[in-house]
There are 4 protein chains.
Amino acid sequence: MSFVAIVYFSGYGHTAKQADAVAEGVKAAGSELRVYRISDTGDLPEGTLEELSGASAIIYGSPTYMGSVAWQFKKFADASSKVWVTQGWKNKLAAGFTNSASVSGDKCATIAALWTLAMQHGQIWIGTGLLPANLKASGPADVNWSSGFGGAHAISPADATVDEAPRSGDLETARLLGLRVAEFAKKLG
Amino acid sequence: MSFVAIVYFSGYGHTAKQADAVAEGVKAAGSELRVYRISDTGDLPEGTLEELSGASAIIYGSPTYMGSVAWQFKKFADASSKVWVTQGWKNKLAAGFTNSASVSGDKCATIAALWTLAMQHGQIWIGTGLLPANLKASGPADVNWSSGFGGAHAISPADATVDEAPRSGDLETARLLGLRVAEFAKKLG
Amino acid sequence: MSFVAIVYFSGYGHTAKQADAVAEGVKAAGSELRVYRISDTGDLPEGTLEELSGASAIIYGSPTYMGSVAWQFKKFADASSKVWVTQGWKNKLAAGFTNSASVSGDKCATIAALWTLAMQHGQIWIGTGLLPANLKASGPADVNWSSGFGGAHAISPADATVDEAPRSGDLETARLLGLRVAEFAKKLG
Amino acid sequence: MSFVAIVYFSGYGHTAKQADAVAEGVKAAGSELRVYRISDTGDLPEGTLEELSGASAIIYGSPTYMGSVAWQFKKFADASSKVWVTQGWKNKLAAGFTNSASVSGDKCATIAALWTLAMQHGQIWIGTGLLPANLKASGPADVNWSSGFGGAHAISPADATVDEAPRSGDLETARLLGLRVAEFAKKLG
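For every chain, the first residue of the written sequence is number 1, and numbering continues from 1 onward in sequence order. Chain letters and ligand numbers both follow the written order, the letters beginning at A and the numbers at 1. Confidence filtering applies because this is a predicted model: local features only for residues at pLDDT of at least 70, side-chain atom pairs given and counted only at 80 or more, and all residues used for totals across whole chains, interfaces and linings. Where side-chain values are given, they derive from all heavy atoms of the structure, hydrogens and water being excluded.

## Concerning the overall build of chain A
Phase 1 of the analysis: Across its full length, chain A carries six helices and seven strands.
Phase 2 of the analysis: Every helix listed is a DSSP run of H or I at least four residues long, and every strand listed is a run of E at least two residues long, numbered separately from the N terminus. In sequence order, chain A lays out its α and β elements as β-α-β-α-β-β-α-α-β-α-β-β-α.
Phase 3 of the analysis: Throughout, radius of gyration means the C-alpha value; the globule benchmark is 2.2 Å times the number of residues raised to the power 0.38. For 189 residues, the compact-globule estimate of 2.2 N^0.38 gives 16 Å, and the C-alpha radius of gyration of chain A, at 15 Å, lies within 12% of that figure.
Phase 4 of the analysis: Considering only C-alpha atoms, chain A reaches an extent of 50 × 35 × 25 Å along its principal axes.
Phase 5 of the analysis: Between buried and exposed lies partly exposed: a residue is buried under 20% and exposed over 50% of the maximum accessible area for its type, with that area taken using a 1.4 Å probe on protein chains only. A total of 189 residues make up chain A; the buried ones form 66% of that total.
Phase 6 of the analysis: For chain A, restricting intrachain contacts to residue pairs at least 6 apart in sequence, the fraction spanning at least 24 positions comes to 77%.
Phase 7 of the analysis: On chain A, the mean spot of the 16 positive side-chain charges and the mean spot of the 17 negative ones are 7 Å from each other. We call two residues in contact whenever any of their non-hydrogen atoms come within 4.5 Å of each other. Neither His nor the chain ends is counted toward charge; the positive residues are Lys and Arg and the negative residues Asp and Glu. Where a charge sits is defined by one atom per residue type, namely NZ (Lys), CZ (Arg), CG (Asp) or CD (Glu).

Here it is, written out as structure tokens:
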């Protein structure tokens, strides 16, 4: 039986919290879920790349560091070139999420980098499918106030603990992304 | 009954030739096809945006001019904000193609811009799903020598007539993209 | 005598207000300033491209519409290919600014598109040179809360009048960009 | 006395050959040059970040792997966040180069990622300032046939040895980038 995979790196725990919200969404769709957290040295357990070949969807996540994915995530991406040569992930669904301290910054560059990776793998990309919350009264409690389209954005202010951020709107956005991916994965099944 | 749409602009005919190849691919899949060529003033017949809401997939095409889509294509993209507010194209498949004179240039920026547009619309993006032809002996007669992943690239040297370029490898790449999109559009129903 | 140019489009006046702030910064540096506002049909007075060849710096501005510059701005960019063939703007300083309703959205894609245009022209690109305001207590009154690095971002909520937005932090960010560009333009002579 | 720095990673030697050509250009300008090759584990000698703070220009180089810089380069970029917090590289000139097997691929995404990094650091970005060689008769022996604008592109076919690629046109393009950067670095003094 197929499953939805989340592969992510988290430096301080905020992106991990975002990943947890994505995971909730996947489970809410009734899909089997497998979560792979990349280690601080950019590694995953032996055999993970092969295992991912059994997934129907792979959701990529990384904090935005210096304008793109963390190097630990990139180490995983580079390792996946082993699968690339045989296009082993071709036609699997793909999606992405990222977290950083600034409201905007270069988060959209990180999401574009995740999309580029997925395109090299011949995957099908699905974004948030959400309109932004962009009125004067909008704020961090609103779904997609962080306004990601290609993928889910989250904002964790530089002085916010993991308890404090990402905030409710970002977590719900992440949850909705997980749900959306899982539902499409069934369709493509 | 649903259909696959190609919406494109062509300045000198090379991108139109690429669009024709994409169209062949769509037809090879047995899908209904509708082609919309944006005029030199960036316009489409009245009612086109609404008509596109009946498509199962929209394939976007534009030459790369000054590092992104032609302004005529962007005028169409901006006009589509009318559909965006109701997310009328949500969940439709999307893909893209581009042509320019240089072997690389900023074609990957144009494809990324088409993807960004599709993400705003809540669409699902599908790339070429092709490995590149990148050996010493590879050349313009090879599929994906032009090496696009997020979308189909084509190269038309600045002094090449429409008869001369895009060349066979790029046309076959475009055809394969049309075929791939049409087949996935059936799956997504 | 050389001058700093601002070339921009504004749909509803918010980007024009941002452009005014950039202009203030240029003037604060004691530099001569010329401002070119692209019309609603994407046009500029005859001879503008040639006139721009006399500038020491060109600052590009556009709202972010559907994930990139407005088509009117792109029409100007495409027209500038006339200058591109002779690299008439080579080595001039370049910078950019953009405004949109969402806090993040695809503003960084718009700035990247402006940079791509400048690179085609052989220009030298200068960003904001600002750290972001990204603490829990940060808000729209803070410089670079909108967190642009490659260029100045501004946020004008969808229901905000031109009197209301862009807000003070974004206007000061824009002013600082104008000042920074003008000072570097002097250095490059 | 100030110097021009080249910081790069090379996996198989092709990017190193490109870096050598950039270095030749810097030396041709009569500038002092320091070259930093990132190790296979993504490391540089202790104190390198601080040393780079004495450079007038930093030229970044990496192969394009899976659509962006190699993870080893990204590890360096992430480590540079230590300098970012104090904006220690602010106003230094920056430029970039990349090599990959395909003629286009996602090289322009890699160059954009290097630019994004430089923008976070508040640097000034300079591209190739070269028109492309894009006629029917153009080929790998021509300057900028590889057609990079934001940075220097090089093509090393997947079966080409380091002796065989990058080829003469790409090496000359790289040399010209080094020369251009060094000359501007003097101007910015």
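## Describing the relation of the copies chain B and chain A
The relation between the two copies of this chain is a rotation about an axis and a shift parallel to it.
Phase 1 of the analysis: Copy-to-copy alignment: least squares on C-alpha atoms, limited to residues at pLDDT 70 or above in both. Least-squares fitting of chain B to chain A yields an RMSD of 0.0 Å, with the transformation described by 0.0 Å of translation along the axis and a rotation of 180 degrees. Both chain copies can therefore be described as sitting about a two-fold axis. Across chain B, the rotation axis passes nearest the C-alpha of W125 of chain B, at a separation of 2.5 Å.
Phase 2 of the analysis: A high fraction, 100%, of the interface residues of chain B reappear at the interface in chain A, so the copies pair face to face through one surface.

## Description of empty space enclosed by the protein
Phase 1 of the analysis: Grid points spaced at 1 Å over the protein atoms alone were grouped into cavities, where a 1.4 Å probe fits but cannot get out, and pockets, open sets with protein on both sides within 12 Å along at least five of seven lines, with lining residues defined by an atom within 4 Å of a point. Grid points are joined across faces, edges and corners, and a volume is the space filled by probe spheres set on the points. Across all of its chains, the model carries four cavities of 30 Å³ or more by this definition.
Phase 2 of the analysis: The volume enclosed by the second largest cavity comes to roughly 180 Å³.
Phase 3 of the analysis: As for the second largest cavity, its lining consists of 19 residues, of which S68 and V69 of chain B together with S68, V69 and K74 of chain C are closest to the centre.
Phase 4 of the analysis: Elements supplying a minimum of two residues to the lining of the second largest cavity: β4 (68-69), α3 (71-79) and α5 (107-120) of chain B together with β4 (68-69), α3 (71-79) and α5 (107-120) of chain C.

## Here's the deal with unusual backbone geometry
Phase 1 of the analysis: For the bond running from A165 of chain A to P166 of chain A, omega is 0 degrees, close enough to zero to count as cis.
Phase 2 of the analysis: Relative to the assigned elements, P166 of chain A resides in the loop between β7 (152-155) and α6 (168-188).
Phase 3 of the analysis: A positive phi angle is found at Q87 of chain C, which is not glycine, with a value near 50 degrees.
Phase 4 of the analysis: Locating Q87 of chain C in the fold gives a position in the loop between α4 (81-84) and β5 (93-100).

## A few points about the packing of helix α5 (residues 107-120) of chain A against α5 of chain B
Phase 1 of the analysis: Fitted lines through C-alpha atoms give the axes, limited to the stretch in contact for helices. The angle between two N-to-C directions lies from 0 to 180 degrees. Across the interface, α5 of chain A lies against α5 of chain B with an axial gap of 12 Å and an inter-helix angle of 105 degrees. The orientation of α5 of chain A relative to α5 of chain B falls into the category roughly perpendicular. Together, I111, A112 and W115 of chain A of α5 of chain A and I111, A112 and W115 of chain B of α5 of chain B make up the contact between the two elements.
Phase 2 of the analysis: Each residue receives one of three labels: charged for Asp, Glu, Lys and Arg, nonpolar for Ala, Val, Leu, Ile, Met, Phe, Trp, Tyr, Cys and Pro, and polar for the others, Gly being one of them. Its residues assigned to classes, the contact of α5 of chain A with α5 of chain B shows six nonpolar, no polar and no charged. Oblique is the label for every angle not falling under 35 degrees (roughly parallel), over 145 degrees (roughly antiparallel), or within 65 to 115 degrees (roughly perpendicular).

## Topic: the relation of the copies chain D and chain C
Phase 1 of the analysis: When chain D is fitted to chain C, the residual RMSD is 0.0 Å, and the transformation amounts to a turn of 180 degrees plus an axial shift of 0.0 Å.
Phase 2 of the analysis: A shared interface surface links the copies, since 100% of the contact residues of chain D are contact residues in chain C too.

## As for helix α1 (residues 14-28) of chain B
Residues and elements named next belong to chain B.
Phase 1 of the analysis: One fewer than the residue count of a helix, multiplied by 1.5 Å, yields its expected span. With 15 residues, α1 extends 21 Å from end C-alpha to end C-alpha; this agrees with the ideal 21 Å at 1.5 Å per step.
Phase 2 of the analysis: Taking burial as the measure, the 15 residues of α1 include 11 buried ones, the bulk of the element.
Phase 3 of the analysis: Inspection of α1 places H14, T15, A16, K17, Q18, A19, A21, V22, A23, G25 and V26 among the buried residues, and these make up the whole buried set.
Phase 4 of the analysis: The inward-facing, buried residues of α1 abut β1 (3-8), β2 (33-37), β3 (55-65), β5 (93-100), β7 (152-155) and α6 (168-188).
Phase 5 of the analysis: Backbone geometry just after α1 places G30 at a positive phi near 80 degrees.

## What about the pairing of strand β5 (residues 93-100) of chain D?
All names here are of chain D.
Phase 1 of the analysis: In terms of residue burial, β5 counts as a mostly covered element, since eight of its eight residues are buried.
Phase 2 of the analysis: In β5, alternate side chains face the same way, and those of L93, A95, F97 and N99 on one face and A94, G96, T98 and S100 on the other are all buried.
Phase 3 of the analysis: Only strands joined by at least two bridges in the DSSP assignment are considered to pair. The pairing of strand β3 (residues 55-65) with β5 spans seven bridges and is parallel. Its bridge partner being in β5, I58 is matched across the sheet by A94.
Phase 4 of the analysis: Sheet analysis places β5 next to strand β6 (residues 124-126), joined by two bridges and oriented parallel. Across the sheet, A94 pairs through a bridge with W125, a residue of β6.
Phase 5 of the analysis: Orient the strands so they point away from the viewer; a crossover is then right-handed if the path from the first strand over the helix to the second runs clockwise. A crossover connection joins β5 to the parallel β6 through helix α5 (residues 107-120); in handedness this β-α-β unit is right-handed.
Phase 6 of the analysis: Relative to strand β7 (residues 152-155), β5 runs parallel, the two being bridged by four bridges. Pairing of S100 across the sheet is with I155, part of β7.

## Considering the interface of chain D and chain C
Phase 1 of the analysis: Of the residues lining the interface, 25 residues belong to chain D; the matching set on chain C comes to 25 residues.
Phase 2 of the analysis: What counts as buried area is the accessible surface, traced by a 1.4 Å probe, that two parts surrender upon association, with contributions from both included. Summed over both sides, the interface of chain D with chain C buries roughly 2,200 Å², with 68% coming from carbon and sulfur.
Phase 3 of the analysis: Salt bridges are defined as contacts in which a side-chain nitrogen from Lys or Arg sits within 4 Å of a carboxyl oxygen from Asp or Glu. Summed over the shared surface of chain D and chain C, the result is zero salt bridges.
Phase 4 of the analysis: Identification of polar contacts relies on pairs of N or O atoms within 3.5 Å, with a donor-acceptor requirement for protein atoms, meaning one able to donate a hydrogen and the other able to accept it, and with residues adjacent in sequence counted only if both atoms are side-chain atoms. Counting across the interface, chain D meets chain C through seven residue pairs in polar contact (both at pLDDT 80 or more).
Phase 5 of the analysis: Of all the secondary structure elements, the ones that give two or more residues to the side of chain D that touches chain C are α5, β6 and α6 (168-188) of chain D.
Phase 6 of the analysis: When residues in the side of chain D that touches chain C are grouped by element, the largest group, five residues, is from α5 of chain D.
Phase 7 of the analysis: Looking at the side of chain D that touches chain C residue by residue, the class counts come to 14 nonpolar, eight polar and three charged.
Phase 8 of the analysis: Pairing geometry for strand β6 (residues 124-126) of chain C and β6 of chain D, over three bridges, is antiparallel. By the bridge assignment, I126 of chain C is partnered in β6 of chain D with I124 of chain D.

## Quick look at the packing of helix α6 (residues 168-188) of chain C against α6 of chain D
Phase 1 of the analysis: Put simply, α6 of chain C and α6 of chain D touch, their axes get as near as 8 Å, and they point 105 degrees apart. Overall, the two elements α6 of chain C and α6 of chain D adopt an arrangement that is roughly perpendicular. Packed against α6 of chain C, whose contacting residues are F184, K187 and L188 of chain C, the element α6 of chain D presents F184, K187 and L188 of chain D at the interface.
Phase 2 of the analysis: Taken together, the residues of the contact of α6 of chain C with α6 of chain D sort by class into four nonpolar, no polar and two charged.

## Quick look at the environment of A5 of chain A
All names here are of chain A.
Phase 1 of the analysis: Along the polypeptide, A5 turns up in strand β1 (residues 3-8).
Phase 2 of the analysis: Here A5 falls in the buried class, since its relative accessible area comes to 0%.
Phase 3 of the analysis: Separated by 101 residues in sequence, A5 and D106 have C-alpha atoms that sit 25 Å apart.
Phase 4 of the analysis: Sequence-distant contacts of A5, defined by excluding residues within four places in its chain, comprise R34, Y36, L52, A55, A57, I58 and I59.

## What to know about the pattern of salt bridges
Phase 1 of the analysis: Summed over the entire model, instances satisfying the criterion amount to 28 salt bridges over all chains.
Phase 2 of the analysis: Its salt-bridge partner being R175 of chain C, residue E172 of chain C comes within 3.0 Å of it at the nearest N-O pair. With E172 of chain C and R175 of chain C both in helix α6 and three residues apart, the pair spans about one turn of that helix.
Phase 3 of the analysis: Taking the relative accessible area as the measure of exposure, R175 of chain C reaches 24% and is therefore partly exposed.
Phase 4 of the analysis: A single salt-bridge network, built from bridges that share partners, covers E32, R34 and E51 of chain A.

Any functional reading would require information that these geometric values do not contain.
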